[in-house]
Structures are given as C-alpha cells and as structure tokens.
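Here are the chains, one letter per residue:
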Amino acid sequence: MITLRVAILGYGNVARALVGMLPELEPRLREERGVEIRFTGAFARRHGAWVHPAGLRAEALHVPGGPGARPPGGAQPFDGSPLEFVSSCEADVLVELTPLSPLDGEPARAHLEAALKRGVHAVTANKGPIAHALGPLRALARSRGVQLRFEGTVMDGAPLFNLREYCLPGSRIVRIRGVLNSTSSHVSDRLLAGDSLEAAIRDAQRLGIAEADPAHDLDGWDAAVKAVVLANSLMDAHLRPQDVWRKSCGAESLRSMVANVPPGTHVRQLVEIDHTASGEVQASVRLAAMKPGSHLASLRGMETAITLSTDTMQDLTIVEGEGGPGQTAYGVISDLMAVALARPPPPA
Ligand SMILES: NC(=O)c1ccc[n+]([C@@H]2O[C@H](COP(=O)([O-])OP(=O)(O)OC[C@H]3O[C@@H](n4cnc5c(N)ncnc54)[C@H](OP(=O)(O)O)[C@@H]3O)[C@@H](O)[C@H]2O)c1
C-alpha cells in the first residue's frame, strides 16, 4: 500500500468536494490502485489552517466552518503565511487550489514553485500559473525529480493531459478546437430563450459557474488562458494569454450575434489552436454560430467539449456534461493517483 501525504492550500469549493468524495472513493482506490491518501495540512486564507504531520483520513476533515475554525482531532492550528505553510507542512504532494489570477497566475505560481523547490510534487486545478509559467515550473519539477500535474485546469476532471500522456504515446496533436467556457454558453442560450443580458448573467452567477468577474468569461479571457494551457502543454507552444487573438468576444457582441443567427443555431465561444503557414502555434477565441452537424454544434446547455486532431487517431472529441467542483476534484484525484504510482512526468 502506498500512502500519499497531501497538503491542501486553498480550502474552497474544490477542496471541499475532494474531501467530501474521498470517503466513498478511497476503498476503491486502495483496492484498485493500492493507494491511500492522508491529509497533513489544510490552509484557507480567512478560515484558518492546521497541520497534522502523521496525516488524517478524509473523514476526519469534516469540520463545519473551515479548516481553522476547529482543527480536526489531533491537528495543530497553523498561523503562518501560505508560503510558510508550503515550506513547512510535511507532505509528498501540495494540492494548490487558490483562486485564479488570470493576469499573472500569482500567488499560485509562487506556491507551486516553493513546493517543487522542496522536492514536493505539485497538483493544481488553477490554470493561472500553468498558463503563465508552465515552462519554468516543469523545468524545476524535472530538476527535483518530482511531478507537476494539472488535469483540473481546462475541462474540470475530464482527461486531457492524462489522455495525451498515457494513451497517445508518440502522437502529435496538430490542432485543437473547443468550447470551453460554460458561462458564455449558458448566457448565450438564455439570450436565445428571450432573457435580458443582465438576467442571463445573474443566472450564470446563481448556478456558480461564472468567474468572480463574469466579464472574464464573456470577453474570452478565461478561454484564452485555457487555450494557452492547452497550446503550451499539448502542442509545445510558448504562448502567453495576451498572445491569444480574441475576436468579437464580449457581452454586447454575444447579444448581437444571438439576435441575428438563423433558428436552430447555437452561438458558442470557440477556441481554436492551430499552426501558421510558418509552423508556429497560434490560438484564438471567437464567437461562432455553430451550424448543426459538428460535434461541437450539438453541445447543449453548459456542456463543454474539445476536439484534439492527432496525426495517429485523427479527431478525438471529449464532451463533458455540466462540470463543477466535483469533477475538478476528481481531476485532482486522478493526478494524485498518477503521482502515487510514480509514472514518469510528461514528455518535454
Ligand atoms: N470551482 C470549480 O468548479 C473549478 C473548476 C475548474 C478549476 N477551478 C480552479 O480551482 C481553484 C479553486 O477553485 P474553488 O472554486 O475551490 O475556489 P474558492 O472556492 O474560491 O476557494 C479558494 C480558497 O483559496 C483560499 N485563498 C484565497 N486566496 C488565497 C491566498 N492568496 N493564499 C492562500 N489561500 C487563498 C480561500 O480562503 P478563504 O476560504 O479563507 O477565503 C479559499 O479557501 C481555482 O483556481 C479555480 O479557478 C475551479
């Protein structure tokens, strides 16, 4: 049996979903994979933090009011900074689940860097540091012989990076198309159904799918950050979010396009990553009227999907039903299993 000692930094929706699903999942993981998970620390910014060097089972973490309100049995309250937590908590893996900062990926980048420098594996669902610093973080991980994994960053837990790593050996991904922002899809469908823009956005917020600032969703910025994670990790690009061409995105463009599409047509924010004639990778996000017929056009409601065009398997399309913290937490768990089973890091 392999025991994986996990420290969680950022104890919000995804961390709670992770801790909530483990009691049921862990017996299966033990039996199927020979892995058990113990939590050696949890950190939230306002809701306190604790450490427990011997490690606690997920069941022990169910304490109302956040990790620091009443540390679980035997745990010591921790009152240092996030970086002090990363540098001192005894763990094999840091799970980084702090909020997204789309402009620079901080402070999550610094948290991941501190863990990797210590020789601690890092798993994150935060796309910011991966979009802004994948190259240096991967190099650091390699130099310390540890893994950096981020399955939850683009399509919640749907397998994209693990699919590439474990199921497509030697394949090249030559093109990617995707509908990756469920907020803009939902707002578009509500507009089509006759809602006002304001009501449609409020509804996305009520469902908890919109970013804290929904403009990030509607103006294509969230999709641009995801496009960079995909391009840099799956197509060896070196893009920054500001390199992604965002065309006709934004709430007003969405409203006007929805008002003018033929009946039966959905409007979706489409991510496209491709090669230029000179072989460079380029990425764009644009509003597109999806004509019936393609996989991406058949998406309903908040479904997201991605088509990976490969030189071996042609097009592979992955469709995710409505995603959320539970699926993202499962993506974290699949990364934890990959770390525990010491699979080699993805190819450079
Ligand atoms: N929710 C989803 O469905 C989903 C899907 C895909 C990816 N993600 C990504 O997963 C990550 C976590 O999402 P979430 O929904 O769990 O977020 P969340 O509910 O907002 O929780 C964030 C947690 O991080 C803590 N925190 C905030 N700033 C911090 C800082 N500077 N240093 C240390 N801790 C800090 C917060 O502490 P307090 O509680 O004390 O404020 C909170 O515990 C985000 O990067 C998000 O983009 C989420």
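Residues numbered from 1 in each chain as written. Predicted model: local features only at pLDDT ≥ 70, side-chain atom pairs only at ≥ 80, totals over all residues. Heavy atoms only, no water.

**Q** Tell me about the overall build of the protein, and name the residues and values.
**A** Broken down by element type, the protein carries eleven helices and 13 strands. Computed over C-alpha atoms, the radius of gyration of the protein comes to 20 Å, within 12% of the 20 Å expected from 2.2 N^0.38 for 348 residues, which places it in the range of a compact globule. Considered along the principal axes of its C-alpha atoms, the protein spans approximately 60 × 45 × 35 Å. Here the protein holds 348 residues, and the buried ones make up 55% of them. In the protein, the share of contacts with a sequence separation of at least 24, taken over all contacts with a separation of at least 6, comes to 69%. Only carbon and sulfur atoms are counted for the fraction: they give 51% of the accessible area of the protein, which is about 15100 Å². Mean positive and mean negative side-chain charge positions of the protein (35 and 38 charges, respectively) differ by 1 Å. (Helix = DSSP H or I, 4+ residues; strand = E, 2+ residues; numbered from the N terminus. Rg over C-alpha atoms; globule rule 2.2 N^0.38 Å. Buried < 20%, exposed > 50% of the residue type's maximum accessible area, 1.4 Å probe, protein only. Contact = heavy atoms within 4.5 Å. Areas by Shrake-Rupley, 256 points an atom, 1.4 Å probe, with all protein chains shown as cover. Lys, Arg positive; Asp, Glu negative; His and termini not counted. Charge placed at Lys NZ, Arg CZ, Asp CG, Glu CD.)

**Q** Residue-level account of the site of the ligand, with values.
**A** In the vicinity of the ligand lie 25 residues, with Tyr 11, Val 14, Arg 45, Arg 46 and Thr 98 positioned nearest. In the model, an oxygen atom of the ligand is placed 3.0 Å from a nitrogen or oxygen of the Asn 13 main chain. A total of 910 Å² of accessible area belongs to the ligand in isolation, and the protein chains cover 82% of it. Within the residue set of the shell around the ligand, elements represented by two or more residues are helix H1 (13-33), strand E2 (35-44) and helix H11 (325-340). Tallied by class, the residues present in the shell around the ligand amount to twelve nonpolar, ten polar and three charged. (Near = heavy atom within 4 Å. Polar contact = N/O pair within 3.5 Å; in protein donor to acceptor, adjacent residues only side chain to side chain. Nonpolar A, V, L, I, M, F, W, Y, C, P; charged D, E, K, R; others polar.)

**Q** How would you explain the pairing of strand E1 (residues 2-9) if you had to name every residue and give the values?
**A** As paired strands, E1 and E2 are joined by eight bridges and run parallel to one another. Considered in E2, the bridge of Ala 7 is made with Gly 41. Read from E1 through H1 to E2, the crossover connection turns out right-handed. Across four bridges, E1 lies against strand E5 (residues 93-96) in parallel orientation. Its bridge partner lying in E5, Ile 8 is registered against Val 95. (Pairing = 2+ DSSP bridges. Right-handed = clockwise from strand over helix to strand, strands pointing away.)

**Q** With reference to specific residues and values, describe the sheet that holds E5.
**A** Sheet architecture is open: seven strands sit in the order E4-E3-E2-E1-E5-E6-E7, paired in mixed fashion. Bordering the open sheet on either side are strand E4 (76-77) and strand E7 (148-149), each of which pairs with just one other strand. Here four bridges tie E5 to strand E6 (residues 121-124), and the two strands are oriented parallel to one another. The residue of E6 that forms the bridge with Glu 96 is Thr 124.

**Q** Could you give me a rundown of unusual backbone geometry, with the residues and numbers involved?
**A** Cis geometry is adopted by the peptide bond preceding Pro 107, which originates at Glu 106 and carries an omega value of 0°. Structurally, Pro 107 is set in the loop between E5 and helix H3 (108-117). Even without glycine at this site, Asp 156 takes up a positive phi of about 50°. On the secondary structure map, Asp 156 appears in the loop between E7 and helix H5 (161-167).

**Q** Give me the packing of helix H6 (residues 182-192) against helix H10 (residues 251-260): which residues, what numbers.
**A** The geometry of H6 relative to H10 is characterised by a closest axis approach of 9 Å and an angle of 45° between their N-to-C directions. Between H6 and H10, the angle is such that the two are oblique. As H6 packs across H10, the resulting crossing turns out to be right-handed. Residues Ser 184, Val 187, Ser 188, Leu 191 and Leu 192 of H6 form the contact with H10, whose participating residues are Leu 254, Arg 255 and Val 258. The residue makeup of the contact of H6 with H10, split by class, is five nonpolar, two polar and one charged. (Axes fitted to C-alpha atoms, helices over the stretch in contact; angles between N-to-C directions. Parallel < 35°, antiparallel > 145°, perpendicular 65-115°, else oblique. Left-handed = near helix turned anticlockwise from the far one by under 90°.)

**Q** An account of the sheet that holds strand E12 (residues 304-310) is requested, with residue identities and associated values reported.
**A** Strands sit in the order E9-E11-E10-E8-E12-E13 across an open sheet of six strands; the sheet is mixed. Strand pairing shows two members of the sheet lacking a second neighbour, strand E9 (245-247) and strand E13 (315-320), which therefore form its edges. Averaged over all neighbouring strand pairs, the angle between strand axes comes to 15°, with direction disregarded. Two elements, strand E8 (residues 173-179) and E12, share six bridges in a ladder whose sense is antiparallel. Along E12, the bridge assignment pairs Arg 175 with Ser 309. Sheet strands in contact with helix H9 (residues 221-234) are E8, E9, strand E10 (266-275), strand E11 (281-290) and E12, and its direction is about 30° off that of E10. Running at roughly 45° to E11, H10 makes contact with E10 and E11 of the sheet.

**Q** With reference to specific residues and values, describe the side chain of Glu 26.
**A** When you line up the elements, Glu 26 lands in helix H1. There is a polar contact of 2.6 Å between the side chain of Glu 26 and the backbone nitrogen of Ile 37. Apart from residues lying up to four places away in sequence, Glu 26 is in contact with Glu 36, Ile 37, Arg 38 and Arg 57.

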